[in-house]
Structure formats: structure tokens, C-alpha cells
Amino acid sequence: MTRLLTDAAMAEVKALGRPVVTGGEDPPDRETLLRLAAGAEAVVCTLTERIDEEFLDAAGPGLKVVANVAVGYDNIDVEAATRRGVKVTNTPGVLDGATADLTMALILAASRRVLEGDRLLRERTPWVWGPRMLVGLDLSAGATLGVVGYGRIGRAVARRARAFDMKILATPSSRPDDGDEVEFAELPELLERSDVVTLHVPLTPRTRHLIDAGALRRMKPTAVLVNTARGGIVDEGALIEALRGGEIAAAGLDVFEGEPRVDPELLELDNVVLTPHIGSAGAATRERMCGLAVANAAAVLSGAAPLTPVN
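We now turn to the structure provided with this report. Keep in mind that this is a model prediction, so the values were computed, not measured. (Residues numbered from 1 in each chain as written. Predicted model: local features only at pLDDT ≥ 70, side-chain atom pairs only at ≥ 80, totals over all residues. Heavy atoms only, no water.)

A few words on the side chain of N90. Looking at the element boundaries, N90 is found in the loop between β3 (87-89) and α5 (96-111). The exposure class assigned to N90 is buried, which follows from its relative accessible area of 8%. Engagement of the side chain of N90 in a polar contact is seen with the backbone oxygen of V71, the distance being 2.8 Å. Those residues in contact with N90, other than ones at most four positions away along the chain, are N68, A70, V71, Y73, L292, N296, T308 and V310. (Helix = DSSP H or I, 4+ residues; strand = E, 2+ residues; numbered from the N terminus. Buried < 20%, exposed > 50% of the residue type's maximum accessible area, 1.4 Å probe, protein only. Polar contact = N/O pair within 3.5 Å; in protein donor to acceptor, adjacent residues only side chain to side chain. Contact = heavy atoms within 4.5 Å.)

Compared with an ideal rise of 1.5 Å per residue, which puts 19 residues at 27 Å, helix α12 (residues 283-301) spans 27 Å between its outermost C-alpha atoms and is within 8% of the ideal. The complete set of buried residues in α12 reads T285, M289, C290, G291, L292, A293, V294, N296, A297, A299, V300 and L301. (Expected span 1.5 Å × (residues − 1).)

Right, let's talk about the pattern of salt bridges for a bit. A side chain of one charge can pair with a side chain of the opposite charge when the charged atoms of the two come close. Counting across every chain of the model gives 22 salt bridges. Here R160 and D101 are joined by a salt bridge, their closest N and O atoms 2.7 Å apart. Taken together, the residues span a long stretch of sequence, with R160 in helix α7 (residues 152-162) and D101 in helix α5 at a distance of 59 residues. Residue classification places R160 among the partly exposed residues on the basis of a relative accessible area of 25%. Assessed through its relative accessible area of 43%, D101 is described here as partly exposed. For the salt bridge of E183 with R193, the shortest nitrogen-to-oxygen distance reads 3.0 Å. Of this pair, E183 sits in strand β6 (residues 183-184) while R193 sits in helix α8 (residues 187-193), and the two are 10 residues apart along the sequence. For R193, a relative accessible area of 34% corresponds to the partly exposed category. (Salt bridge = Lys/Arg side-chain N within 4 Å of Asp/Glu carboxyl O.)

The next subject is the packing of aromatic side chains. Remark: the centre distance and the inter-plane angle together describe each pair of aromatic rings, the angle taken between the planes. Enumeration according to the criterion identifies 1 aromatic pair in this entry. Centre to centre, the rings of Y150 and F184 are 5.7 Å apart; their planes meet at 80 degrees, and the pair counts as edge-to-face. Of the two residues, Y150 sits in the loop between β4 (144-148) and α7 while F184 sits in strand β6, which places them 34 residues apart along the sequence. (Phe/Tyr/Trp six-rings, centres within 6.5 Å; stacked < 30°, edge-to-face > 60°.)

So far we have only geometry, and geometry alone does not tell us how the molecule works.
So this is what it looks like as C-alpha cells:
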């Protein structure tokens, strides 16, 4: 156990009746991580731990499963694990609603300039209501939401956006549309037509910096970019320049390229809403995530197939 999980998940681990080595609430440093891994048959980890060749060597030949407490698994060298016969699992499905909720919160906060208004009042800036004061994007006046990655979370965001009378545009999906009221378009067209662009693709070599300077230039100057997926999907340097130069109006970010470090230049911008990777941070959701990761590890240790395998 690289980190302490929820109380219920830790009780489930104890009930397995096996020796357990557990990290703390904070991510372990690399030396500690490798020491914790030594001799493990199962590892339950989080997205903050890099599970690579070095880690797998440190764990040793007895390792059977790496259970990630996340839907994304870009922190794990799946190919290296597969070569060693180590199962890798993740926690899909259980965090869709919570992440979609936060995505919608960021869309609303960035579009309607909520934090700018909050700061204005907290700084005790004199103000008087006026027709041109803090005017933002009116979602319910026919705005188009562009969903990049129309999977489970992207679809959950789209369902919420329809309640705000938004039109839905999405990148092509291999999954059937299930009768959704959605129009599909390739990424360049989606960027050009959308009033809000929300990102829901995994971080892979193909999607790293998918949203770069060129992509940002395609967006409307009134548009909002929201990222609750992985920080590396967006070229943060290009985004900072686009926000400064008025190429887009605003952004809402829950994830960052150098996480947990946040670029200080982002912190200086008024037209960006920032949260510390809390997309899944609902109490019930975190319980389900941690419980599913433990259940995956327990299944493999018992000789059964994992519930949500990656490889």
C-alpha cells in the first residue's frame, strides 16, 4: 500500500489476513517507495507513484498485481509489467459522475467569472452594478460544448451540459452514441466551433500537448478551455500565452503538467480557475475507487481474474 486509503478500504485490506506494508498520507519519496515494494505480491498505488522497471525490479519476481487507484494509468509502465506477468488494474466507471460534476463546476466558474467576482469583493474593491460589469459567456444562450474524448466521463459531462441548454459537439467515438443528441467532428473543427472545450482523453504519447499553440489559435477568443483529465494534454506555456494575449477568454484546470507544482504564471492570471486535482474527491466516489483497487488486488491474489484489468 503506497498510500493510506479510505478507512473502509484499509479495513478491507486488513480483512485479507496478509502482511501489509503501508505508506503514509503523503506520497513517499522514491527511496521509500522502492523499499516499500520489496517482496510485495500485490501493490495498491495512486497516480503519484511511478511504477516503472526500477520499481518492478525492487518488488521482485513474486509481484502479481499493481492496482492503481485511478482511471488513468500513465504512471505505470504497463508494457514492462506485462513482460513480467504482472496484472495492472485501474478504477474506471466509479468516478465518472464526480469528475463530471467538477468539470461542470469549472465550466460555470470560468464562463461566468465567478472567482473574479469573489476576489473583487474579498479585496474590498469599490463597485457598483453596471451593464458591462464582469460579463461572461452565457451557457444557456445557445453555447456549444466541445467534448474531446467522448467516453464515460465525456458523456457524463454532456448530460449535465444539456441541462444548461448547451449544444454538444464531440470528437469521434468508437462507442455507439446511444441516442445522445450529439454531433461529431474532428478536433480542428470542434475547436473552431465550440464555446467551451472540455478534455477527457487519457495521457499517451499521442495526446501529450494535444492542445498546443496551434490548437489554441483555432479556438474562439470568447472560448473557455477546461481540463480535468491529465495536465500533459495541454501545453501550459502555450495556454498561458493564449490567456494573456486574449486568444481564448478563460480556462478551468484541475490538472497540471508539473503536478503537484503549478506554474507561477498561471497563478498570476485572473482568467483561470485552478483546483488541485480534486475531480474524484467526492466522499462516496473515493470510497468506491479505493475499494475497487483493493478488490482487484484481492482477486488476483486469490487466483481469480481482476475486476477491471488494464492488461
